[in-house]
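Fold and geometry: a report
These are the residues of each chain, in order.
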Number of protein chains: 2
Amino acid sequence: MGARLQSFGDGQGAGRLRRALGYARANRPRFVADLQSLIRFASVSAQPSHSGDMANCAAWLARHLREIGLERVTIDRTGGQAIVRAEWRRAEPGAPTVLIYGHYDVQPAEPLDDWRTPPFDPIIRGDDLHGRGASDDKGQMFAHVKAIESWLKTAGALPVNLICLFEGEEEIGSPHLSAYLTSNRGGLAADCAIVSDMQIPAPDRPAITYSLRGGLSVELQTRGQKRELHSGVFGGAVHNPVQALCEIIARLHDGHGRIAIPGFYRDVREWDAGERAGMREAGPSDAAMLREAGATHGWGEPGYTLYERTTIRPALTVCGVSGGYNGPGVKAAIPARALAKLNFRLAPDQDPAVAERLFRDYIARVTPPGVQTRVRTVMRVKPASLDRAHPGVRAAARAYRRAFGAPAVFLRSGGTIPVVGLLQEILGAPVVLMGFGLPGDRIHGPNEKFSLSNFHKGVETSIGFLAEMGAPRAAPRLYHSFSPVAERRPRS
Amino acid sequence: MGARLQSFGDGQGAGRLRRALGYARANRPRFVADLQSLIRFASVSAQPSHSGDMANCAAWLARHLREIGLERVTIDRTGGQAIVRAEWRRAEPGAPTVLIYGHYDVQPAEPLDDWRTPPFDPIIRGDDLHGRGASDDKGQMFAHVKAIESWLKTAGALPVNLICLFEGEEEIGSPHLSAYLTSNRGGLAADCAIVSDMQIPAPDRPAITYSLRGGLSVELQTRGQKRELHSGVFGGAVHNPVQALCEIIARLHDGHGRIAIPGFYRDVREWDAGERAGMREAGPSDAAMLREAGATHGWGEPGYTLYERTTIRPALTVCGVSGGYNGPGVKAAIPARALAKLNFRLAPDQDPAVAERLFRDYIARVTPPGVQTRVRTVMRVKPASLDRAHPGVRAAARAYRRAFGAPAVFLRSGGTIPVVGLLQEILGAPVVLMGFGLPGDRIHGPNEKFSLSNFHKGVETSIGFLAEMGAPRAAPRLYHSFSPVAERRPRS
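Residues numbered from 1 in each chain as written. Chains lettered and ligands numbered in written order. Predicted model: local features only at pLDDT ≥ 70, side-chain atom pairs only at ≥ 80, totals over all residues. Heavy atoms only, no water.

In the nomenclature of an unreviewed UniProt entry, chain A corresponds to Acetylornithine deacetylase/Succinyl-diaminopimelate desuccinylase from the organism Methylocapsa palsarum.

Here it is, written out as structure tokens:
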């Protein structure tokens, strides 16, 4: 605090900010205990067996938001998992409205055997809180909840009008969010939205994500003869849908790690040297990425760094494959069918609908005689890009610098956050991506964890960001030009 | 009966045979009911969860053998599933000893959803008895049990000394049979062994199998980085063990369906035109095999009929593959490992140990950087060949002709029956393969069934075979030259 604090508020504002920060520091152990309670719910949106956990988690979260002083807290039905929504609308006249998006659902915890501690029994080891969802996204979402609490329990008010929108279907592609946002467009109008569901490169390198890859998830099924066949009687005489699936998957990449689907790279932008140099400076080195992955070798498209391969280039991941007998011992049969789950990540400017059509055409072409293939599309998300020069982004950068003691870098992410495009398109709200995760958090994998230092810095960043957004003098400059801005086009 | 019956016994023998056959015909409904009781045990040797069913099945079978009049019935421990053994040693002096081998274990019933009726609740529809193991091998084994009962309940004696050896681990490669045979070599000495665990081409075409393929079952595991990785953060930058496994599997065959492992065909015999013409005459046409498989297209090595591809040529079947997340919805992660279950069928003269070495060498060579592979050998079985001119085989042919009303053809099988080689090698007993199954029995697959007509004809074939073997005049001709004879070598 001090010099920077003076720049965004009057004397009264600075005092209030100091008290909110003091409250957050004094209550750190309880904040962590509350977060542990939230992680205990096995809120796995992908698995119907966890629907009770989903409902219990939403109920707990709603009650918690009421307890910290938010108003009009509701558990809103959708066609799928509920959305938890809360508001606070009593800011001073002229104050902007900020929408905070988070998601309380988590990835499946499987394979369970690979967890050193139970995924839904959050445990602190050193500076880390271990558990499914600790980083993605319960811990990051909760940093904002505790920032709100810190303001409301000290100043009795927030510097801005506020909407919390906590989704339960992010990990399955937010299938009902679009309809929800559309039919609640009026009540959700905001000057700016915040999403904290990504990582920063290191504890001393806070970052603002300005680019996300798109996504396309498909299931590819192969079928052969109607029933399993004895591999002695028929082995060598009829095709095998498991083998055929493997052969088709093998033809999805060329020998160099490039996606082999004809036309797939047509819309992938070639970036100019300036952008790539900036990425090299701000982003992780190949060595750092390999270290983080625990991998010995890089793989993929030649001519690009690993950071580039995961951000400005598309990727195709075989997330799962299954077919035939996989139990103990031997079952000597030619299976009747097999299934693969594939996940494309799409570079900026790629359209998931186009990618899907190219994929379907290619599969039809490489399907061998005697085998049938079927493609089912599970999820389509457009890539998203944000203007780094945006005043809201700059406010976030100042809040980051104060809480983390270091300037924020600007990064591209290889991930996909469907809500970003939806918030921008449907609500017209510019989205600031403010991550608190770290590269070693193992999100989506076993032994997910979240740095408690980052959690607490996240709370302080959010406290500061709300102050920045509510500072009367800063407001006109900050908001009146706020709208999604197209990313700068390259020269070529 | 009549003309043929006179050829193998004296008048008393013919009368006894007539009474045994009459008993079998009069008791058909009860024979079927007894077989249903046997099928009700879910004796799946591959799945530890069924170990109780295995034990109960063995106990029921032993009790049943005692009830029909066999002696010295024991349930013999092995390192795995028990062997049920029974004897009858009171034949006239000079009578030979016949060993009847069968197995009471069955293949796993999965995928359960594909069964129209529960696999272990045997149901009769038309002429068929439906249930797991109905054909492989409970029904075929039981035909001999009921033949023995028919002799003992009418003549009060058998025409031969007899040993029943009913195994519980055939479907998992008979891992303990070799040790059992070796340490019980003395008590199991026999002049001839019978195995009924194969099919005949059609109800009016009984067949004697004179060639079996060998087998090699392996598990191939791929591993990448230690843990699953987020496919957004790392997709495109590190290799994926599921994708790598698919790519390796794709390289196991060339584009024409030939196994692509260097040297794999070196020991595969090229048969002369005479043998191949005989096979074309006796064996099924391509169209018949496709019909039986329910397949629209053949597949595999060019230059050979489907029957040849499945008997005198090797085959490699991908029986199962699994890796990554295969539950509902999407899990966007790069998996840490994957597993395939592969089953080789080896042509006559191929050595499973050699095939295994070639496979391991090839896998090591095609494993890409950043991925580790591991091969685990689960089962190795040598191919087996029998002399068609053998007198015991000819006795079986006569018994078949009488029961089925048609001459027996001589066939090669693409399957693998480990016990055949073991019985020949360890006990020195020539093995006659006497199948009662039909091509449409769907063994190893869902909705397995067994023709009740064939079951009853099988009982009568066995009754007649025992008579042939016990006929005093025939005995010297039949047995004294009995020993495994190497298959005729081709000219080239």
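**Examining the overall build of chain A**
How we decide: The helix count covers DSSP runs of H or I at least four residues long, the strand count covers runs of E at least two residues long, and both are numbered beginning at the N terminus. Whether a residue is buried, partly exposed or exposed follows from its accessible area with a 1.4 Å probe, protein chains only, as a fraction of its type maximum: under 20%, in between, or over 50%, in that order. The criterion used for residue contact is that any of the two residues' heavy atoms lie within 4.5 Å. Note on areas: Shrake-Rupley, 1.4 Å probe, and residue coverage restricted to the protein chains presented here.
Within chain A, the secondary structure is distributed over 16 helices and 18 strands. Reported as C-alpha extents along the three principal axes, the dimensions of chain A are approximately 85 × 55 × 45 Å. Counting only residues that meet the buried cut, chain A has 65% of its 492 residues in that class. Within chain A, contacts between residues separated by at least 24 positions form 80% of all contacts whose residues are at least 6 apart in sequence. Here chain A has roughly 17,100 Å² of accessible surface; of this, 51% comes from carbon and sulfur atoms.

**Concerning the sheet that holds strand β3 (residues 97-103) of chain A**
All names here are of chain A. Just so we agree on the cut-off: At least two DSSP bridges between two strands are needed for those strands to be called paired. Helix axes are fitted to C-alpha atoms over the stretch in contact, other axes to C-alpha atoms as well, and angles between N-to-C directions run from 0 to 180 degrees.
As summarised here, the arrangement of the six strands in space is β1-β2-β6-β3-β7-β17, forming an open sheet in which the pairing is mixed. Looking along the sheet, the strands with just one partner apiece sit at the ends: β1 (71-76) and β17 (431-433). Strand after strand, the sheet turns through a mean of 20 degrees between neighbouring axes, direction not considered. Sheet topology places strand β7 (residues 192-195) next to β17; three bridges connect them, and they run parallel. Residue pairing for β17: I194 is matched across the bridge by V432. Against the sheet, helix α4 (residues 51-67) contacts β1, β2 (83-88) and β6 (161-167), and its axis sits at roughly 175 degrees relative to β1. Along the sheet, helix α5 (residues 134-154) makes contact with β2, β3, β6 and β7, crossing β3 at roughly 145 degrees.

**With respect to the pattern of salt bridges**
Spelled out, the test is: Salt bridges are identified by distance alone: a Lys or Arg side-chain nitrogen within 4 Å of an Asp or Glu carboxyl oxygen.
Scanning the model with the defined rule gives 57 salt bridges over all chains in all. A salt bridge links E308 of chain A to R276 of chain A; its shortest N-O distance comes to 2.7 Å. Of this pair, E308 of chain A sits in helix α11 (residues 306-309) while R276 of chain A is found in helix α9 (residues 273-282), placing the two residues 32 residues apart along the sequence. Put simply, E448 of chain B and R132 of chain B hold a salt bridge, and the shortest N to O gap is 2.7 Å. In this pair, E448 of chain B sits in the loop between β17 (431-434) and β18 (449-451) while R132 of chain B sits in the loop between β5 (128-130) and α5 (134-154), placing the two residues 316 residues apart along the sequence. Judged by relative accessible area, E448 of chain B falls into the buried class, the value being 1%. A relative accessible area of 0% means that R132 of chain B is categorised as buried.

**Regarding the interface of chain B and chain A**
As a reminder, the rule being used: Buried area is calculated as the accessible area (1.4 Å probe) missing from two parts once they are joined, with the contributions of both summed. The term polar contact refers here to a pair of N or O atoms within 3.5 Å; inside protein, the definition further demands a hydrogen-donor-capable atom paired with an acceptor-capable atom, and it admits residues adjacent in sequence only when both atoms are side-chain atoms. Amino acids outside the nonpolar list (Ala, Val, Leu, Ile, Met, Phe, Trp, Tyr, Cys, Pro) and the charged list (Asp, Glu, Lys, Arg) are all regarded as polar, and Gly is one of them.
Contacts between the two partners involve 87 residues from chain B and, on the opposite side, 87 residues from chain A. In this assembly, chain B packs against chain A so that about 7,100 Å² is buried in total across both faces, 57% of it on carbon and sulfur atoms. It is R227, W299 and V330 of chain B in chain B that bury the most area against chain A; as a group they hold 10% of the surface buried on that side. Seen at the junction of chain B and chain A, the total is two salt bridges. Of the charged contacts in the structure, one is a salt bridge between R337 of chain A and D114 of chain B, with a shortest N-O distance of 2.9 Å. Viewed at the interface, chain A and chain B are joined by 42 residue pairs in polar contact (both at pLDDT 80 or more). Ranked by residue count, the leading element in the side of chain B that touches chain A is strand β11 (residues 315-324) of chain B, at ten residues. Per-class residue counts for the side of chain B that touches chain A are 36 nonpolar, 34 polar and 17 charged. Both strand β11 (residues 315-324) of chain A and β11 of chain B contribute to a ladder of five bridges, which runs antiparallel. Pairing of S322 of chain A across the sheet is with S322 of chain B, part of β11 of chain B.

**What about the sheet that holds strand β4 (residues 123-125) of chain B?**
All names here are of chain B. The three strands lie next to each other as β4-β5-β18, forming an open sheet whose pairing is antiparallel. Only two strands of the sheet have a single partner each, and these edge strands are β4 and β18. Going from strand to strand, the sheet's axes swing by 25 degrees on average, the running direction of each strand aside. Looking at chain direction, β5 and β18 are connected through three bridges and run antiparallel. Across the sheet, L129 pairs through a bridge with F450, a residue of β18. Sitting on the sheet, α5 is in contact with β5 and β18, with an inclination near 45 degrees to β18. Against the sheet, helix α15 (residues 452-470) touches β4, β5 and β18, its axis set at about 60 degrees to β18.

**Here we look at the pairing of strand β3 (residues 97-103) of chain B**
All names here are of chain B. Burial within β3 is extensive, with seven of its seven residues counted as buried. Along β3, one buried face is formed by T97, L99, Y101 and H103 and the opposite face, lined by V98, I100 and G102, is buried too. Where β3 meets strand β6 (residues 161-167), seven bridges bridge the pair, whose relative direction is parallel. Each bridged residue has a counterpart across the sheet, and for V98 the counterpart in β6 is L162.

**Overview of the UniProt feature "domain: Peptidase M20 dimerisation" (unreviewed entry) in chain A**
As a reminder of what qualifies: UniProt positions are given in the numbering used here, feature names are shortened, and annotations may be inferred rather than shown by experiment.
The positions that UniProt labels "domain: Peptidase M20 dimerisation" (unreviewed entry) are, in the present scheme, residues 211-369 of chain A. Overall, residues 211-369 of chain A shows 32% helix and 23% strand. The separation of its end C-alpha atoms is 42 Å.

**Some details on the domain arrangement of chain A**
Residue and element names in this part refer to chain A. Defined as follows: Where each domain begins and ends follows an automated or database-derived domain assignment.
The domain architecture assigned to chain A consists of domain 1 (3-212 + 383-479) and domain 2 (214-268 + 314-380). A straight line from the C-alpha centre of domain 1 to that of domain 2 covers 37 Å. Across the contact surface, domain 1 and domain 2 share zero salt bridges. Connecting domain 1 to domain 2 are two residue pairs in polar contact (both at pLDDT 80 or more). Residues belonging to the side of domain 1 that touches domain 2 are distributed by class as follows: three nonpolar, six polar and one charged.

**Brief notes about the relation of the copies chain B and chain A**
Cut-off, in case you're wondering: Only residues with pLDDT of at least 70 in both copies contribute their C-alpha atoms to the least-squares superposition of the copies.
When chain B is fitted to chain A, the best match, at an RMSD of 0.1 Å, comes from turning it 180 degrees and sliding it 0.0 Å along the axis. On this basis, the relationship between the two copies can be described by a two-fold rotation axis. Comparing interface residues between copies, 99% of those in chain B also lie at the interface in chain A; the contact surface is shared.

**Considering helix α15 (residues 452-470) of chain A**
The periodicity of an α-helix, 3.6 residues per turn, causes residues three or four positions apart to be oriented the same way. Residues and elements named next belong to chain A. Under the convention used in this document: For a helix, the expected span equals 1.5 Å multiplied by the residue count minus one.
With 19 residues, α15 should reach 27 Å at 1.5 Å per residue; the first-to-last C-alpha distance of 27 Å fits that figure. Taking burial as the measure, the 19 residues of α15 include 17 buried ones, the bulk of the element. At the N-terminal boundary of α15, the capping side chain belongs to S451, with an oxygen 3.3 Å from the backbone nitrogen of S453.

**Looking at unusual backbone geometry**
Note the cis peptide between E110 of chain A and P111 of chain A, where omega equals 0 degrees. Residue position: P111 of chain A is located in the loop between β3 and β4 (123-125). Residues other than glycine seldom take positive phi values, yet R442 of chain A does so here, at roughly 55 degrees. Along the chain, the position of R442 of chain A falls in the loop between β17 and β18 (449-451). Taking relative accessible area as the criterion, R442 of chain A reaches 18% and is therefore assigned buried. Phi is positive for N447 of chain B, which is not a glycine, with a value near 60 degrees. Considering the arrangement of structural elements, one finds N447 of chain B in the loop between β17 and β18.

**Some remarks on the packing of aromatic side chains**
Defined as follows: Within 6.5 Å between ring centres, the rings of Phe, Tyr and Trp (the latter by its six-membered ring) count as paired, and their orientation is classed by plane angle as stacked under 30 degrees, edge-to-face over 60, tilted in between. Geometrically, a charge over a ring is one whose NZ (Lys) or CZ (Arg) sits within 6 Å of the ring centre while staying within 35 degrees of the ring normal.
Evaluated as defined, the whole model comprises 18 aromatic pairs over all chains. Ring centres of F264 of chain B and Y265 of chain B lie 6.1 Å apart, and the angle between their planes is 75 degrees; this geometry places the pair in the edge-to-face category. Residue Y265 of chain B is classed as buried on the basis of its relative accessible area, which comes to 13%. Directly above the aromatic system of Y265 of chain A lies the positively charged group of R258 of chain A, at a separation of 4.0 Å from the ring centroid. Here the guanidinium or amino end of R412 of chain A rests over the ring plane of W271 of chain A, the centre of that ring lying 4.2 Å away.

**Digging into the packing of helix α4 (residues 51-67) of chain B against α5 of chain B**
Packed helix pairs are characterised by how far apart their axes lie and by the angle those axes make with each other. Residues and elements named next belong to chain B. We apply this condition: Here the angle decides the label: under 35 degrees means roughly parallel, over 145 means roughly antiparallel, 65 to 115 means roughly perpendicular, and every other value means oblique.
Running from N to C, α4 and α5 point in directions that differ by 25 degrees, and their axes come no closer than 10 Å. The angle between α4 and α5 falls in the class roughly parallel. Contact residues: C57, W60, L61, H64, L65 and E67 in α4; K138, M141, F142, V145, K146, E149 and K153 in α5. Grouping the constituent residues of the contact of α4 with α5 by class yields seven nonpolar, one polar and five charged.

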